[in-house]
Amino acid sequence: MNDPLSTADPEVFELCRAEERRQAEKIRLIPSENYVSKAVLEASGTVFTNKYSEGYPGKRYYEGQDFVDPLETLTIDRAKTLFGAAHANVQPYSGSPANLAVYLAFLKPGDKVMGLALPMGGHLTHGWNVSITGKFFTPVQYGVRKDTGRLDYDEIRDLAKKERPALLWAGGTAYSRLWDFETMASIARDVGARFCADIAHIAGLVAGGVHPSPVPHADVVTTTTHKTLRGPRGGMILCRAEHAQAIDRAVFPGLQGGPHVHNTAALAVALKEAAQPSFKEYAKRVVANAKALAAELMARGFDVVSGGTDNHLILIDLTNKKVAGKVAAKALDKAGIELNYNSVPYDTRKPFDPSGIRLGSPAVSSRGMGEAEMKLIAAWMDRVVADPSEETAAKVLAEVREVTRKFPAPGISA
Ligand code: DSN
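Just so you know, these numbers come straight off a predicted model, no measurement behind them.

Caption draft 1: Structural context of the overall build of the protein. Across its full length, the protein holds 16 helices and 15 strands. Here the C-alpha radius of gyration of the protein, 21 Å, is about what a compact globule of 414 residues would show, namely 22 Å. Summarising its shape, the C-alpha atoms of the protein cover approximately 60 × 60 × 35 Å along the three principal directions. With 414 residues in all, the protein has 55% of them scored as buried. Taking all contacts inside the protein whose residues are at least 6 apart in sequence as the whole, residues at least 24 apart take part in 71%. Carbon together with sulfur atoms contributes 54% to the accessible area of the protein, which is approximately 17900 Å² in total.

Caption draft 2: How the structure looks around unusual backbone geometry. Following F252, the chain continues to P253 via a peptide bond in cis, the omega torsion being 10°. Mapping P253 onto the fold places it in helix α10 (residues 244-255). At R230, a residue that is not glycine, the phi angle is positive and equals roughly 65°. Counting through the fold element by element, R230 comes out in the loop between β9 (220-224) and β10 (235-239). On the basis of relative accessible area, R230 is assigned to the buried category, the value being 17%.

Caption draft 3: Just the nonpolar core, in detail. Ranked by size, the top nonpolar core spans 51 residues in total, and within it F83, W179, M184 and F195 carry the most contacts. With 6 residues, helix α8 (residues 181-191) is the single largest residue contributor to this core. Those residues in contact with F195 that sit more than four places away from it in its chain are L168, W169, A170, F181, M184, A185, A188, H217, A218, D219 and V220.

Caption draft 4: Up close: the packing of aromatic side chains. Tallied over the full model, the rule gives 8 aromatic pairs. Note on Y103 and W169: the rings are 5.8 Å apart at their centroids and 40° apart in plane angle, and the pair reads as tilted. Here Y103 is found in helix α5 (residues 95-106), whereas its partner W169 is found in strand β7 (residues 167-170), with 66 residues between them in sequence. Neither residue differs from the other here; Y103 and W169 are each classed as buried. Here W179 and F181 contribute two aromatic rings whose centre-to-centre distance is 6.5 Å and whose plane-to-plane angle is 10°, an arrangement assigned as stacked.

Caption draft 5: Representation of the sheet that holds strand β11 (residues 303-304). An order of β11-β12-β15-β14 is seen for the 4 strands of this open sheet, with the pairing classed as antiparallel. Looking at which strands have only one partner, the edges of the open sheet turn out to be β11 and β14 (340-342). Relative to strand β12 (residues 313-317), β11 runs antiparallel, the two sharing 2 bridges. Among the inter-strand pairings, D303 is bridged to a residue of β12, identified as D317. Most of the contacts of helix α13 (residues 325-334) go to strand β15 (residues 356-360), to which it runs at about 45°, and overall it touches β14 and β15.

Caption draft 6: Representation of the pattern of salt bridges. Within the structure shown, the criterion is met by 27 salt bridges. Between D310 and K291 there is a salt bridge whose closest N-O contact spans 3.9 Å. Of this pair, D310 sits in the loop between β11 and β12 while K291 sits in helix α12 (residues 277-299), placing them 19 residues apart in sequence. Residue class for D310 comes out buried when judged on its relative accessible area of 19%. Notably, a salt bridge pairs E399 with R383, separated by 3.2 Å at the nearest N-O pair. One end of the pair, E399, is in helix α16 (residues 390-405); the other, R383, is in helix α15 (residues 371-386), and 16 residues separate them in sequence. Counted as one network, the salt bridges with shared partners bring together E19, R22, R28, E33 and E338.

Caption draft 7: Spatial organisation of the site of the ligand. Surrounding the ligand, one finds S32, H123, T173, H201, K227 and R358. Here S32 contributes a side-chain N or O atom positioned 2.7 Å from an oxygen atom of the ligand. Taken by itself the ligand offers 230 Å² of open surface, and the protein chains cover 63% of this. Broken down by class, the residue content of the shell around the ligand amounts to no nonpolar, 4 polar and 2 charged.

Caption draft 8: View of the sheet that holds strand β8 (residues 194-198). What the 7 strands build is an open sheet, ordered β4-β10-β9-β8-β7-β5-β6; its pairing is mixed. Looking at which strands have only one partner, the edges of the open sheet turn out to be β4 (87-89) and β6 (138-142). On average, each strand axis in the sheet is tilted by 20° relative to the strand beside it, whichever way the strands run. Inspection of the sheet shows β8 paired to β9 by 3 bridges, in the parallel sense. Bridge pairing links C196 to V220 in β9.

Caption draft 9: The packing of helix α4 (residues 68-83) against helix α11 (residues 261-274), seen in detail. Look at α4 against α11: their axes get within 9 Å of each other, and the N-to-C directions meet at 35°. Judged by the sense of rotation from one axis to the other, the crossing of α4 with α11 is left-handed. Residues V68, L71, E72, T75, R78, A79, L82 and F83 of α4 pack against V261, T264, A265, L267, A268, V269, L271, K272 and A274 of α11. Looking at the contact of α4 with α11, its residues break down into 12 nonpolar, 2 polar and 3 charged.

About the cut-offs
- Residues numbered from 1 in each chain as written.
- Predicted model: local features only at pLDDT ≥ 70, side-chain atom pairs only at ≥ 80, totals over all residues.
- Heavy atoms only, no water.
- Helix = DSSP H or I, 4+ residues; strand = E, 2+ residues; numbered from the N terminus.
- Rg over C-alpha atoms; globule rule 2.2 N^0.38 Å.
- Buried < 20%, exposed > 50% of the residue type's maximum accessible area, 1.4 Å probe, protein only.
- Contact = heavy atoms within 4.5 Å.
- Areas by Shrake-Rupley, 256 points an atom, 1.4 Å probe, with all protein chains shown as cover.
- Core = buried A, V, L, I, M, F, W, Y, C linked by side-chain atoms within 4.5 Å.
- Phe/Tyr/Trp six-rings, centres within 6.5 Å; stacked < 30°, edge-to-face > 60°.
- Pairing = 2+ DSSP bridges.
- Axes fitted to C-alpha atoms, helices over the stretch in contact; angles between N-to-C directions.
- Salt bridge = Lys/Arg side-chain N within 4 Å of Asp/Glu carboxyl O.
- Near = heavy atom within 4 Å.
- Polar contact = N/O pair within 3.5 Å; in protein donor to acceptor, adjacent residues only side chain to side chain.
- Nonpolar A, V, L, I, M, F, W, Y, C, P; charged D, E, K, R; others polar.
- Left-handed = near helix turned anticlockwise from the far one by under 90°.

Shown next, in the form of structure tokens:
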């Protein structure tokens, strides 16, 4: 029972080592991914994984919470301070369960929910039809404008007035512009809806002060903890004091059993890191890098949706390049550049074979890459998209390796 992993299970050990090498060698551009610090990794691999802690600090259903209670309380306090929130629940297993807790807290089955449509850059759990949230509730979906690729708040207001949803979502997974949370809150107020901002993608930018915060405006704010926030896999809910009890009851016992306490430990560490001045610098670098990369790509004729980015994310329609998103993503992966194929607004192709690719700067910025490297990345992408052959991919891969060697990946000693 005390053998190290390399002896106890060489097969799994080797897969872990190989994944470490892969993450160190690649240019990782999937905008929802990052590198956590060594300290966050260490905290997530602790004996807290052995502990059951159903309930909340001071009110548990199992004994032995001597160190879990202070840990969860510390994590809650750090989350509240970092985001200026009245209440925090740090138990959701991830973003989707956090969002489901919002439904359970405020809605009855069949109630109307309004969110940004998935193909327009939204998230499954904001009422998309294949999700439980689109099946058990009545979805109304808004989009982005075809001519600008941006939200039109007047259109959203008109739709909300017509449909009168019980819950209005802001937030998405492929929207590269700032959210006007104040206006979204006023729309919700006008129609008597609860307003929830899902900041999974931009939580680190909000914490770092480079994206406006929804906390003063929203009833509830949900997030994952592992994207720009650079914490462990998990979710978190922030809310007004008046909603604290409803949210806590929805998470436990409404949806979940025991929290994953080892992840709570890692989240506490990540929240401490995100409160440091260096994290503000990181958040600024993320946005500066995304803007630089988008500008370089546009200069090379790439059709960046909405004409640029305000955050960490870039969505590209490859129709003018005459390459499908999946073909480009697979060729780029062979070239050591990892991103994902993605639908673009008003896509005429299917979601599993769409017209676009989605990329972003959180992980490369964590490695300390800057605008010079963004120029290189744009040039490599241009070469591979122009010629998605094995030969070009191999040539680019050799150059990618040269550069990744100079920027050690956080948390990885290999
Ligand atoms: N899977 C996440 C993303 O990549 O954006 C959203 O849940």
